[in-house]
Amino acid sequence: MKKHLTKLMDLTKEDILNILNLADQMKRDLKNNKDHKVLSGKTLAMIFKKPSTRTRVSFETGMYQLGGQALFLSANDLQFAQGESIRDTAQALSRYVDGIMLLAIEQEDVESLAQWSTVPVINGLSNFSHPCQILADLMTIREHKGALEDVRLAYIGDGSNVCNSLIVGGLLCGLKISVAVPEGFDPHPDVLTFVKEFTNRNPDDFLLTRKPQLAVEKANVLVTNRWASVGQEFDEDDRKETFADFQINNNILDLADPKAMVLHCLPAYRGEEISSEVFETHANSIFDAIENRLHVQKAIMALLMGS
Ligand code: CP
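Conventions and cut-offs
- Residues numbered from 1 in each chain as written.
- Predicted model: local features only at pLDDT ≥ 70, side-chain atom pairs only at ≥ 80, totals over all residues.
- Heavy atoms only, no water.
- 1 Å grid on protein atoms, 1.4 Å probe; cavity = no way out; pocket = protein on both sides within 12 Å on 5 of 7 lines; lining within 4 Å.
- Points joined across faces, edges and corners; volume = space filled by probe spheres on them.
- Helix = DSSP H or I, 4+ residues; strand = E, 2+ residues; numbered from the N terminus.
- Nonpolar A, V, L, I, M, F, W, Y, C, P; charged D, E, K, R; others polar.
- Pairing = 2+ DSSP bridges.
- Axes fitted to C-alpha atoms, helices over the stretch in contact; angles between N-to-C directions.
- Contact = heavy atoms within 4.5 Å.

1. Quick word on the layout of surface pockets
Which parts of space are left empty comes out when a probe the size of a water molecule is rolled across the atoms.
Phase 1: The calculated volume of the largest pocket comes to roughly 370 Å³.
Phase 2: Around the largest pocket, the lining comprises 22 residues; the ones closest to its centre are Lys50, Pro51, Leu125, Leu266 and Pro267.
Phase 3: At the level of elements, α2 (54-65) and α6 (161-172) are the ones that each hand at least two residues to the lining of the largest pocket.
Phase 4: When the residues that make up the lining of the largest pocket are grouped by side-chain class, the tally is nine nonpolar, eight polar and five charged.
Phase 5: Lining of the second largest pocket is provided by 16 residues; of these, Arg152, Ser178, Leu207, Leu214 and Glu217 occupy positions nearest its centre.
Phase 6: The set of elements that each furnish at least two residues to the lining of the second largest pocket consists of β5 (152-156), β6 (176-180), β7 (206-209) and α8 (212-215).

Okay, here's the thing in structure tokens:
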């Protein structure tokens, strides 16, 4: 595994399975009150460029459970806000802490931090990638379905960070992926290039369509995300019109496998990307994946920051 986790494209299938296996073990051990103080005496700097509930609490709690501590650093309170470069910030923080988590807006900021940091950098979220969430989703799918190979996953909505990472992580782990997004909201071109190279021998492993009804046929897992993703909130009203047909509701769910599960990384906007009924019916799997953020992130931190 590489020194930093900035995006799932940098991982192999083996890397992902190592993370998921360790996360499973940590989850079991936590329930049995067994400690994993593998980061005793270590510190994680957590830089936030936007508000967060899950990322902040799961990383902070995870560090505590691993025997270390986490520092919450709002980007607005750092010299960042006065124009200090990421390069100097990375080099300075590397002299104090053992790892840096950045909840960014731009992927370039995560890559730049990783370039100049001498300690591991973890992407907590960016406009391009949400690797920790998708690893938690894969862990949850494996818990609920017993395996990852050949699971059919349909993503409906915006070709956002969640969609990009689901495509990459899903294909690496042997899932078949269908994506329904409106024209103009495709996944990132780098992800489509990855798809082209990865599915060379098995074109049936990936479908990109404008029709949610087509994407969900036989799907075992349905995933969506808020329509206005990170950094795109400015055109929220236009998006509601564009995305009106891209809601996971009972009509769409009826076309999927009757045992299909639903995931949403939250925050959810009931009545927009997901209907209230579907959210409440599938709240168990949705919140299982939210819980699994804690376990996968502990596994990632232990693998990257442990001695
Ligand atoms: N999904 C997610 O990353 O949640 P927060 O924005 O609350 O961290």
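2. Some details on the sheet that holds strand β2 (residues 69-74)
Phase 1: Reading across from one edge, β2-β1-β3-β4 is the order of the four strands in this open sheet, with parallel pairing throughout. One side of each edge strand has no neighbouring strand; the edge strands of this open sheet are β2 and β4 (121-125). Going from strand to strand, the sheet's axes swing by 20° on average, the running direction of each strand aside.
Phase 2: Taken together, the four bridges between strand β3 (residues 99-103) and β4 define a ladder with parallel strand orientation. Across the sheet, residue Leu103 finds its bridge partner in β4, namely Leu125.
Phase 3: Packing of helix α4 (residues 107-116) onto the sheet brings it into contact with β3 and β4, and relative to β4 it is tilted by some 165°.

3. A word on empty space enclosed by the protein
Phase 1: Across all of its chains, the model carries one cavity of 30 Å³ or more by this definition.
Phase 2: Taken as a whole, the largest cavity spans an internal volume of roughly 40 Å³.
Phase 3: Looking at the largest cavity, the residues that line it are Lys7, Leu8, Met9, Phe128, Ser129, Asn164, Ser165, Val168 and Val191.
Phase 4: Broken down by class, the residue content of the lining of the largest cavity amounts to five nonpolar, three polar and one charged.

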